[in-house]
2 protein chains.
Amino acid sequence: MLRTHTCGELRLADVGKKVTLTGWVQRVRNKGGLIWVDLRDRYGVTQLIFEEGSTSDTLLEEAASLGREYVVQAEGDVIERASKNDKIPTGAIEIKTSSLRILNAAKVPPFIIEDETDGGEDLRMKYRYLDLRRNVVREKLLLRHKMMQETRKYMDSVGFMEVETPVLIKSTPEGARDFVVPSRIHPGEFYALPQSPQTFKQLLMVSGFDRYFQIVKCFRDEDLRADRQPEFTQIDCEMSFVEQEDILQTFEGMIKHLFSTVKGIELERIARMSYADAMKYYGNDKPDIRFDMRFTELNELAQNRGFNVFDSAELVVGICAKGAGEYTRKQLDELTNWLKRPQIGAKGLVYVKCNTDGTFKSSVDKFYSQQDLGAWAEKMGAQTGDLLLVLSGEASTVRKQLSELRLKMGEDLNLRDKSVYKPLWILDFPLLEWDEETQRYHAMHHPFTSPKKEDMELLDTDPGKVRANAYDLVINGVEIGGGSIRIHDKNTQKLMFSRLGFSEEEAQKQFGFLMEAFEYGAPPHGGIAFGFDRLCAIFGGSDSIRDFIAFPKNNAGKDVMIDSPSSISDEQLKELSIGLINKNR
Amino acid sequence: MLRTHTCGELRLADVGKKVTLTGWVQRVRNKGGLIWVDLRDRYGVTQLIFEEGSTSDTLLEEAASLGREYVVQAEGDVIERASKNDKIPTGAIEIKTSSLRILNAAKVPPFIIEDETDGGEDLRMKYRYLDLRRNVVREKLLLRHKMMQETRKYMDSVGFMEVETPVLIKSTPEGARDFVVPSRIHPGEFYALPQSPQTFKQLLMVSGFDRYFQIVKCFRDEDLRADRQPEFTQIDCEMSFVEQEDILQTFEGMIKHLFSTVKGIELERIARMSYADAMKYYGNDKPDIRFDMRFTELNELAQNRGFNVFDSAELVVGICAKGAGEYTRKQLDELTNWLKRPQIGAKGLVYVKCNTDGTFKSSVDKFYSQQDLGAWAEKMGAQTGDLLLVLSGEASTVRKQLSELRLKMGEDLNLRDKSVYKPLWILDFPLLEWDEETQRYHAMHHPFTSPKKEDMELLDTDPGKVRANAYDLVINGVEIGGGSIRIHDKNTQKLMFSRLGFSEEEAQKQFGFLMEAFEYGAPPHGGIAFGFDRLCAIFGGSDSIRDFIAFPKNNAGKDVMIDSPSSISDEQLKELSIGLINKNR
């Protein structure tokens, strides 16, 4: 090694040792005859000192000439610092430097490499390798490293086998768009990159592997939104001979293990909620339950009092914002405008302030008596000083809008503390959802999800009502994982494909191998997959996954650092038997 | 869980327990009023018993009707077996079955699911999910699972950070062919799948990550030979502030840890050999040193004695096969024919038998006296009873041929014991190798490998003589890993690209981001990558990597189970702005 110690490990007990350190120059302070250099590496910062008199003039000059981010090797004695810095673990010592070697010079970096940087997003992405030097960014990736190790430790300890499934697989039109890979050896044919190892993990269950997991890259060629990546990482798992309860308990164990080992947080039993309740009380299948503020439906109390907006609405529904009764007219107008933006699309907002004197002040005083409003307040569990916020309209639309409002109020009232974690299982998802565009039912999770036995008869009469053995794990309003008990017999799987509008040929062509596998002794099985990037972001207290990925792509799916995607040679195209069309569209 | 226990865990101490087991029917033996069923899962086999009198007739009939590979759930009492089977851990007990539930029926599998199967390669690949049910195959994947866990445990313990590098990267013409992925959002542009994360891991060193590792899928679009896969797995590693010795010691530690924890073998210090010595003494840069049989060069002793074949040869070189002096004329003819096959291409074989009476019998007695042959024998360290095998010709050709012969003799004489492991570091590889076809030098490892400082001046005068700071790890004649100390300054890297025939523009276009990164403070660094599939195969005592991959592709790069690659829709092609050409070539 070019060093005897890292820049993070020397302490008072090391005083007197002769050491060699290597690292990057973080800062040079030059007070004439006295120069301090902060030397940084992954492990910390150690101060080098060069003093006129005890240091040769050449060495002093060398030290003075060091630029930011120079890579150096310094040799010297560990001495006790006169004025200690208790903010860093090495703050009690410094290195009286006797020799210095520049291992590599550095140009002035395009942005400041400190926790607070002046570099904008684009610049930091282009020079991602410099951005990764910043402690705050590296720590996120260290967290990810720990999460990976602890995930595997837990999975291994409960008997799961890590199996790598292939990356070059087969394109299936179901679901999101595949990335494809032209085959050179088989002209005109293509591999596809997996959106998930779903069919492979089910086949591993048919193989009797019993418990499978993998931390695996998956790919989706979607139109990118903020915080979506074309390649992302999943913790992918499957178990045999299980019922839903076994999966919930096993992965509750995993989540608890991660919180305990990575964050030092001992979680209580994870709460559970049906999809129906989540929609009814939170307007959302991934409710943030760090705060209550549940929906209260007010149709009975609010309709037929002459207020046409409510009377004509399918649903009148409100939330009670505790302690927000002092909101000013201006604040309420801002809330209303926020709700009316096209992203939310509400027509308006009705509010009721629960005054401290027991009276009510509302935006609909014309239509409702104090008694009426008192009844609302009572039903919503409001007390004096609270603020009732009520929306109305078509049920599913208004629930979405109120859900957004609830989250905003949670934010405004500081009820969404990033250091508080409230995981939640959402259960009993619908099997199918109606798609207006294609005028047919789609699988809400995927076509391999099993319907609940007791709902099977509804499949012909009222397909939208059939519930699935499907579950999601939500943490603080973010969907972290989801899975289901799978179909494991050919006939049910065939039925499902037909209900989803597959012709028998299509089903056979795309999933024939899976249905055939089901005929050779497939065990009952189920599984779950977790979005690993998002799980890391949640653990890191961040809303964005990008900083938890070493080399992310931008919103246009580009890696601007290496300039990818990019053109390839005509020779390559020819070898692959493909040509470009519409190149200039 | 649908079971209380697995099929591998019940013992005599469990007698009297009421249990529920699930698994696959391995075998049914029906002796009229007495039926035994072997129930199998990943963990073992447990015997179910059904007896007339104590079992209802319905249950007896059900048991009798079970077919191979049916998936069942059985409930019953653990009882002591009358005749115990000490070959299996559960052999002391059986389950007196009180109820039976068929969870899934099974068609008769296309081949027998036992350690010895009647299924051919093609059939087993098509039904890979059934092949994976065989214990011998599943055990190989369990070994792989263990190798993965132990690799990460070791790397984590010595401070390496696991970082996922991107899969959608940029195509570079250097090296093997890339698989490419058309971008839909950027028409006419392509991502490429990584052949290795080489540049990314070097950038992570520039980022100060200090120690990086990853067990990662890599991709090469090569013409497939037996036992090559288009996608394969590497243990990929990089370290900063190191010299070659640090890397050798760190990864010697990893290999020892794996042998110790996975195989229970405590390895001695790993031997080291220069590339030059490996070529000189074994004709091969990956010698199998489980046995000695080194090359002895005989030019001085064998030339100018009138034997024209030797006289006109650049090199006369032989091996001494200990104890093979009794080889018959027929055996020697077979060896000669084996050497003359086009795969080896030797012109002939000269042998000398060291007879027990101290005389020599050779195929060139006409040209060489007993004294001559005695001198050969002495130089080759031969004793009575040994066999000398001598080849001649152009030096590099004859070394290759003799290397093949050495390995064959090692095989024939049982010197290549699969339970013996002799790892070996090969050091001081040449930096460049001359390519006859393109008439230029190629990087022997890759263009990022640093030349040895003391050889730098040869770069202009005798480039082929420049040695690199490069090393390979070889186990039992198989290359398992390789790496180098990298170039870390822009000027050397530029020089290297120019020596490799890159124009300045090409170098800039393909690797500009790396050379730019080197200007912002790149530390000295180096690394290594191990072929994980092959490492697993070596640990499993197998020559073939295919069984250590859950879902391998065949020699034509096809996954015959899922039928991939395959055609995609015109709509998909159109979205990707590509068209097919030469489809019917």
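Just so it is clear, the structure is predicted and the values come from calculations on it, not from any experiment.

Novice: Quick question: what am I supposed to make of the pairing of strand 13 (residues 315-321) of chain B here?
Specialist: Regular strands place their side chains on alternate faces of the sheet. Residue and element names in this part refer to chain B. Across the seven residues that make up strand 13, a large majority, seven, are buried. Residues Leu315, Val317, Ile319 and Ala321 of strand 13 are buried on one face, and the alternating residues Val316, Gly318 and Cys320, pointing to the opposite face, are buried as well. Bridging between strand 13 and strand 16 (residues 387-393) involves seven bridges; their strand directions are antiparallel. The partner of Cys320 across the bridge, within strand 16, is Leu388.

Novice: How do you make sense of the UniProt feature "binding site: ATP" (unreviewed entry) in chain A when you look at a structure like this?
Specialist: All names here are of chain A. Sequence positions flagged by UniProt for "binding site: ATP" (unreviewed entry) are, in local numbering, Arg220, Asp221, Glu222, Gln229, Glu479, Gly531, Phe532, Asp533 and Arg534. Excluding residues within four positions of it along the chain, Arg220 makes contact with Ala176, Arg177, Phe179, Gln195, Pro230, Phe232 and Gln234. Tracing the backbone through its elements, the reader meets Glu222 in the loop between strand 9 (211-219) and strand 10 (231-240). Classification of Glu222 as partly exposed rests on a relative accessible area of 24%.

Novice: Honestly, helix 15 (residues 504-518) of chain B in this entry has me stumped. Any pointers?
Specialist: Given 3.6 residues per turn, any residue in an α-helix points the same way as the ones three and four places further on. In this model helix 15 of chain B runs just 16 Å from its N-terminal to its C-terminal C-alpha over 15 residues, more than 12% under the 21 Å that 1.5 Å per residue would give. In helix 15 of chain B, a bend of some 85° at Phe511 of chain B exceeds every other bend along the element. Here helix 15 of chain B has its buried residues at Ala507, Gln510, Phe511, Gly512, Phe513, Leu514, Met515, Ala517 and Phe518 of chain B. Taken together, the buried residues of helix 15 of chain B touch strand 5 (93-104) and helix 3 (128-131) of chain A together with helix 5 (198-206), helix 14 (490-499) and strand 22 (525-531) of chain B.

Novice: Just checking my understanding: could you explain the interface of chain A and chain B for this structure?
Specialist: One widely used convention gives an interface's size as the accessible area the parts lose upon coming together. Chain A puts 126 residues into the contact, and the matching count from chain B is 126 residues. When the two sides are added together, the surface that chain A and chain B hide from each other amounts to roughly 11,500 Å², 57% of it contributed by carbon and sulfur. Area buried by chain A at its contact with chain B is led by Glu164, Phe241 and Tyr520 of chain A, which between them contribute 8% of it. At the boundary of chain A and chain B, one finds 16 salt bridges. The partner of Arg152 of chain A in a salt bridge is Glu162 of chain B, and the shortest N-O contact between them spans 2.7 Å. Scanning the region where chain A abuts chain B turns up 75 residue pairs in polar contact (both at pLDDT 80 or more). Residues that form the side of chain A that touches chain B fall into these classes: 66 nonpolar, 24 polar and 36 charged. Judged from the three bridges that link them, strand 23 (residues 578-580) of chain A and strand 23 (residues 578-580) of chain B form a sheet pairing that is antiparallel. Of the residues in strand 23 of chain B, the one forming a bridge with Ile578 of chain A is Leu580 of chain B.

Here is what the cut-offs are and how they apply
Residues numbered from 1 in each chain as written. Chains lettered and ligands numbered in written order. Predicted model: local features only at pLDDT ≥ 70, side-chain atom pairs only at ≥ 80, totals over all residues. Heavy atoms only, no water. Buried < 20%, exposed > 50% of the residue type's maximum accessible area, 1.4 Å probe, protein only. Helix = DSSP H or I, 4+ residues; strand = E, 2+ residues; numbered from the N terminus. Pairing = 2+ DSSP bridges. UniProt positions renumbered as here; feature names shortened; annotations may be inferred. Contact = heavy atoms within 4.5 Å. Expected span 1.5 Å × (residues − 1). Bend = angle between axes of the 7 residues up to and from the residue. Buried area = accessible area lost by both parts, 1.4 Å probe. Salt bridge = Lys/Arg side-chain N within 4 Å of Asp/Glu carboxyl O. Polar contact = N/O pair within 3.5 Å; in protein donor to acceptor, adjacent residues only side chain to side chain. Nonpolar A, V, L, I, M, F, W, Y, C, P; charged D, E, K, R; others polar.

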